[in-house]
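Descriptive structure summary
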Amino acid sequence: MRITKVSLLAGTAAALTDIEHKPFMRKNIDPIVFPGKYVSHMHSFYGSDAVTKDLPTTEQLQKGCPSGENPNDLSVYWAPTLYYVNGETYTEIYPATFKTYYENIDKAEIPFPPNFYSVAGSPTARSQADVPENINALTWWCDAGPEDRDSRPRATFPRVTCSAHMQAILRFPDCVDPVEITNYTYAAAHGGRCPSNMKRMPSLRFSIGDGYCFHGDFVNGWYEDAAKNMLKAKGQSFMRIDGAHGNGKQMSACKAKDADPSNGTNDYKKSLEMMGSG
């Protein structure tokens, strides 16, 4: 089985944009779940390199260097690091492609609010019963076959050798209370509509990770003008999201890197020790 391409699939969703990102850091932090601590399992990071152990604001992220191809998106994205295990040797699997897709823009009422953050999936999921696929769409499959999703739990890795790449899909919450942005949910969990106190945002989806417990994190770093421009994609099948900081398919001249290299670890076994001591 080749685990060489990690990308987000748009499916048949109307009005979308996509951004390709390069990984810039592997570290034992999770600013949303464990803010201020080095006790997380290992994550791979994409987007703004201004992220540290502390939960960042949108403004703080915008002071960083983006690892993605859109200079208007200084959001940060992270997900569990995937390893190939051979005895006591753990080798990181680098995805050939990591893309974030923003879709269902036709249904969006507002752009992502400043300082908005969310988590999709659950690191504690242990079976298919713990995975609400009809809500977050978590599924793994071989993008070029063979197809085996009907013969196994859909949130696990394929049980066959993929002829090309293995892929997954994970959808993030798309409803938020504009007054209390930590209150968010899925429109799919409410019959396709947001609760009355919430507004619909573009739907973010991406993929990278590990079986049932695959999960992802997102902190909004979009510049306001570009975030508003995204809503102009309504009625189009695809739109590049430009803004004051450049066109939407333009890699930055800077090189994203760990903003706090002296703390935490990028070593898997050391991260286990730090989890135990935390």
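These figures come from a predicted structure and were not determined experimentally. (Residues numbered from 1 in each chain as written. Predicted model: local features only at pLDDT ≥ 70, side-chain atom pairs only at ≥ 80, totals over all residues. Heavy atoms only, no water.)

With that settled, consider the pairing of strand β4 (residues 76–80). In terms of residue burial, β4 counts as a mostly covered element, since five of its five residues are buried. Where β4 and strand β15 (residues 215–219) come together, three bridges link them in antiparallel fashion. Along β15, the bridge assignment pairs Tyr77 with Phe218. (Buried < 20%, exposed > 50% of the residue type's maximum accessible area, 1.4 Å probe, protein only. Helix = DSSP H or I, 4+ residues; strand = E, 2+ residues; numbered from the N terminus. Pairing = 2+ DSSP bridges.)

Here we come to unusual backbone geometry. Trans is the prevailing form of peptide bonds, just as negative phi is the prevailing case for residues other than glycine. Residue Pro146 is bonded to the preceding Gly145 through a cis peptide linkage, with omega at -5°. Within the element layout of this structure, Pro146 appears in the loop between β9 (139–142) and β10 (166–169). Despite not being glycine, Asn104 has its phi angle at roughly 55°, a positive value. The class for Asn104 is buried, based on a relative accessible area of 18%.

Turning our eyes to something else, we now look at the packing of aromatic side chains. Per the stated rule, a full pass over the model turns up 13 aromatic pairs. Ring centres of Tyr46 and Phe98 lie 3.9 Å apart, and the angle between their planes is 15°; on these two criteria the pair is classed as stacked. Of the two residues, Tyr46 is situated in strand β3 (residues 43–47) and Phe98 in strand β7 (residues 98–103); the sequence distance between them amounts to 52 residues. The same class applies to Tyr46 and to Phe98, which are both buried. Connected via pairs of aromatic rings, a cluster forms that spans Tyr77, Tyr102, Phe112, Phe116, Tyr184, Phe218 and Trp222. (Phe/Tyr/Trp six-rings, centres within 6.5 Å; stacked < 30°, edge-to-face > 60°.)

Let us look at the nonpolar core. Ranked by internal contacts, the top residues of the largest apolar core, which has 42 residues, are Tyr77, Tyr102, Phe218 and Trp222. At three residues, the largest contribution of residues to this core is made by helix α3 (residues 224–230). Membership of the second largest hydrophobic core comes to 14 residues, among which are Phe24, Ile29, Ile32 and Trp78. (Core = buried A, V, L, I, M, F, W, Y, C linked by side-chain atoms within 4.5 Å.)

Next up on the list: the pattern of salt bridges. Following the criterion strictly, the structure yields 16 salt bridges and no others. In this structure, Lys228 and Glu224 form a salt bridge, with 3.2 Å as the shortest nitrogen-oxygen distance. In this pair, Lys228 and Glu224 both sit in helix α3, four residues apart, roughly one turn of the helix. Residue classification places Glu224 among the exposed residues on the basis of a relative accessible area of 57%. Salt bridges here are not isolated pairs; linked through shared partners, they connect Asp18, Glu69, Lys99 and Lys249. (Salt bridge = Lys/Arg side-chain N within 4 Å of Asp/Glu carboxyl O.)

Before going further, it helps to spend a moment on the state of the cysteines. Taken as a whole and assessed by the stated rule, the structure comprises three disulfides. Disulfide pairing places Cys65 opposite Cys254 at an S-S distance of 2.0 Å. An S-S torsion of about 100° defines the bridge between Cys65 and Cys254 as right-handed. Taken as a pair, Cys65 in the loop between α1 (58–61) and β4 and Cys254 in the loop between α3 and α4 (268–277) lie far apart in primary sequence, 189 residues in all. Residue classification places Cys254 among the partly exposed positions, given a relative accessible area of 37%. Between the sulfur atoms of Cys175 and its disulfide mate Cys194 the distance is 2.1 Å. Around the S-S axis, the bridge from Cys175 to Cys194 shows a dihedral of about -85° and counts as left-handed. You can see Cys175 sitting in strand β11 (residues 175–176) and its partner Cys194 sitting in the loop between β12 (184–185) and β13 (199–200), a full 19 residues away along the chain. The same class applies to Cys175 and to Cys194, which are both buried. With cysteine numbering restricted to those in disulfides and following the sequence, the protein has the pairing 1-6, 2-3, 4-5. (Disulfide = S-S within 2.5 Å.)

Let us look at the sheet that holds β11. One open sheet holds the three strands; their spatial order is β12-β11-β13, and the pairing between them is antiparallel. On the outer flanks of this sheet lie β12 and β13, each paired with one strand and no other. Bridge analysis of β11 against β13 gives two bridges, and the strand direction is antiparallel. Within β13, the position partnered with Val176 by the bridge is Lys199.

The values are spatial; any link to function lies outside them.
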